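What the coordinates show
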Amino acid sequence: MTTRRMPIRSQATSEHQPVTTLELFFDLVFVFALTQITALMAHELTWTGVLRGVLLIGLLWWSWIGFSWLCNLVKADEGSVSGVILAAMAAMFVIALAIPEAFHDLPGGLPGPVVIAIAYFVFRAMHLWLFWLIADGDKVLRRTLGRFAPAMLAGTALLLVASQFHGTTQTLLWAAALAADYGGTALIDARGWRLRSAAHFAERHALIIIIALGESIVAIGVGVTDLPISWPILVASTLGLIVASAMWWIYFDATVHYGEKALAAEPAETRPKLARDAYTFLHFPMVAGIVLLALGLKKVLEYVGDTEHHHLDDPLKGIGLYALYFGVVLYLLGHVGFKWRTTRRVGTSRLITAALCLIALPLLAHVPALGQLAVLTLLLIGLVVFEAIRFAQEREELRHGEHA
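Summarised in this report is the structure supplied together with it.

Calculation criteria
Residues numbered from 1 in each chain as written. Predicted model: local features only at pLDDT ≥ 70, side-chain atom pairs only at ≥ 80, totals over all residues. Heavy atoms only, no water. Helix = DSSP H or I, 4+ residues; strand = E, 2+ residues; numbered from the N terminus. Rg over C-alpha atoms; globule rule 2.2 N^0.38 Å. Buried < 20%, exposed > 50% of the residue type's maximum accessible area, 1.4 Å probe, protein only. Contact = heavy atoms within 4.5 Å. Areas by Shrake-Rupley, 256 points an atom, 1.4 Å probe, with all protein chains shown as cover. Lys, Arg positive; Asp, Glu negative; His and termini not counted. Charge placed at Lys NZ, Arg CZ, Asp CG, Glu CD. Phe/Tyr/Trp six-rings, centres within 6.5 Å; stacked < 30°, edge-to-face > 60°. Lys NZ or Arg CZ within 6 Å of the ring centre and 35° of its normal. Salt bridge = Lys/Arg side-chain N within 4 Å of Asp/Glu carboxyl O. Expected span 1.5 Å × (residues − 1). Core = buried A, V, L, I, M, F, W, Y, C linked by side-chain atoms within 4.5 Å. Axes fitted to C-alpha atoms, helices over the stretch in contact; angles between N-to-C directions. Left-handed = near helix turned anticlockwise from the far one by under 90°. Arc of directions from axis to C-beta.

Notes on the overall build of the chain
Each helix and strand in the chain was counted, giving 14 helices and zero strands. The helix and strand sequence of the chain, counted from the amino end, reads α-α-α-α-α-α-α-α-α-α-α-α-α-α. The C-alpha atoms of the chain give 22 Å as radius of gyration, which agrees with the globular expectation for 404 residues (22 Å, within 12%). Here the C-alpha coordinates of the chain stretch approximately 70 × 65 × 35 Å along the principal axes. Expressed as a percentage of its 404 residues, the buried residues of the chain come to 55%. Long-range pairs, those at least 24 residues apart, make up 82% of the contacts in the chain between residues at least 6 apart in sequence. With an accessible surface of roughly 17000 Å², the chain has 67% of that area assigned to carbon and sulfur atoms. Measuring between centres, the 29 positive side-chain charges of the chain sit 11 Å from its 30 negative side-chain charges.

Overview of the environment of Leu 160
Along the chain, Leu 160 falls in helix α5 (residues 139-162). With relative accessibility at 40%, the residue Leu 160 sits in the partly exposed group. Placed 17 residues apart in sequence, Leu 160 and Ala 177 show a C-alpha to C-alpha distance of 9.5 Å. In this view, Leu 160 contacts Val 114 and Ala 117; residues no more than four positions away in its chain are not counted.

Digging into the side chain of Ser 216
When you line up the elements, Ser 216 lands in helix α7 (residues 198-223). Residue classification places Ser 216 among the buried residues on the basis of a relative accessible area of 0%. Every residue in contact with Ser 216, bar those within four places of it in the chain, is listed here: Ala 244, Ile 290, Ala 294 and Leu 297.

Re the packing of aromatic side chains
Tallying each qualifying case throughout the model produces 23 aromatic pairs. Pairing Phe 148 with Trp 193 gives two aromatic rings, centres 5.5 Å apart and planes at 85°, and the pair type is edge-to-face. Remark: Trp 193 occurs in the loop between α6 (167-187) and α7 and Phe 148 occurs in helix α5; sequence separation between them is 45 residues. Across the pair, exposure class does not vary: Phe 148 and Trp 193 are buried alike. Every member of this aromatic cluster is reached through a ring pair, and the members are Trp 69, Phe 131, Phe 148, Trp 193, Phe 201, Tyr 258, Tyr 279 and Phe 338. The cationic tip of Lys 339 hangs over the ring face of Phe 391; the distance from NZ or CZ to the ring centre is 5.5 Å.

Re the pattern of salt bridges
Inspection of the entire model under this criterion finds 15 salt bridges. One salt bridge in this structure joins Glu 44 and Arg 52, with 3.8 Å as the shortest N-O distance. Side by side, Glu 44 and Arg 52 carry an identical accessibility label, which is buried. Between Arg 142 and Asp 136 there is a salt bridge, and its shortest N-O distance comes to 4.0 Å. Here Arg 142 and Asp 136 have matching classes, each one buried.

What to know about helix α3 (residues 81-98)
Between its terminal C-alpha atoms α3 stretches 26 Å, which fits the 26 Å expected from 18 residues at 1.5 Å a residue. Buried residues in α3 make contact with α1 (21-43), α2 (47-70) and α4 (112-134).

Concerning the nonpolar core
Ranked by internal contacts, the top residues of the largest apolar core, which has 134 residues, are Trp 61 and Ile 209. Discounting residues that sit within four places of it in the chain, Trp 61 has contacts with Phe 30, Tyr 182, His 205, Ile 208, Tyr 279, Thr 280, His 283, Phe 284 and Val 287.

Remarks on the packing of α2 against helix α9 (residues 271-281)
Relative to each other, α2 and α9 sit at 145°, their axes nearing to 11 Å. Two packed elements cross with a definite hand, and for α2 against α9 that hand is right-handed. Across from Trp 61, Trp 62, Ile 65 and Trp 69 in α2, the residues of α9 making contact are Pro 272, Ala 275, Arg 276, Tyr 279, Thr 280 and Phe 281.

Some details on helix α12 (residues 348-363)
Its 16 residues place the ends of α12 23 Å apart at the C-alpha level, agreeing with the 22 Å of an ideal helix rising 1.5 Å per residue. Residues of α12 that are buried: Ser 349, Arg 350, Thr 353, Ala 354, Cys 357, Ala 360 and Leu 361. One side of α12 holds all its buried residues, which, seen down the axis, span an arc of 140°. Exposed and facing more than 90 degrees away from the buried side of α12 are Ile 359, Pro 362 and Leu 363.

The structure is reproduced here in structure tokens:
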């Protein structure tokens, strides 16, 4: 597609458009940013620090999803679009670099909170400008973008205001900024957006789940970088890998397939609303849950490997334990919501597993950290085995259709 009046070259996507390598390259910055957030929460292990980490995840997620919608309409690696995406990557990279100073500016250098606010504005402005150009000739989409712009401007303005404050006021202003962005999008009639390829959109979000899971594995490795290898580290690392593998299975064995099928079957006029609800909103708790899990795994590895400060029978306490279990709970609840929105069916087994995780928390308060991780691993293994057996035929038909 070549726009008629705007000086930008672009090529429209097809119905079966695959994800481009430039989009994957774009996601590498997202990986780095998630790693920065996990490190920040581990460094400031307080409830305020975790809340701020979740707010940062929300900021990054809202940045990422904007281009997932845009690149569903035009190919990321064709024409002038690729240049804008590379420029947006640079702005995102600046945000990622400044994450350690998002709420506490370090002495010397540039003011970190201001750098993030300005880089975020630049990123969002490039996204909105490019979207406006490729919407040339589509009055409904341009009208929707016009309604979307005030929420974007309010969010970025509040971030800039927040950069001038500290403590609770700063955190509340960050929350208000994200509330403006997310709330503004939720209030806009989603039918004004455009979604050309269900396959591309589903694949795009599946890949970001893989990236987040990869970050959880990185957290395991980073947690023992400076520690001598030992059998508790090997056992804890293996259990952490099993947990990450179970979470991979939970999404990629069936969820990715029924999500794409539901999106493809949805009528064109209501497909954007389904995509917004099921992917833009309900994938956020999945990604946030994985990052919290990464924080919990990082702390478990510290407990079992750092013999100078911890004993092997020390239980993981407070935020570390809650991050470990609540990360999985949030991930599972995201799946329950996603399944309901796409198929109108309740993911009962996942809801029960989430409830068991919550019930287990107070019972594990005095269990050694390795045991706490082992219980979580067993709960997820139980869920995977149950679903693999209980829904075997349904899964086969879903994955292979008439060839099942």
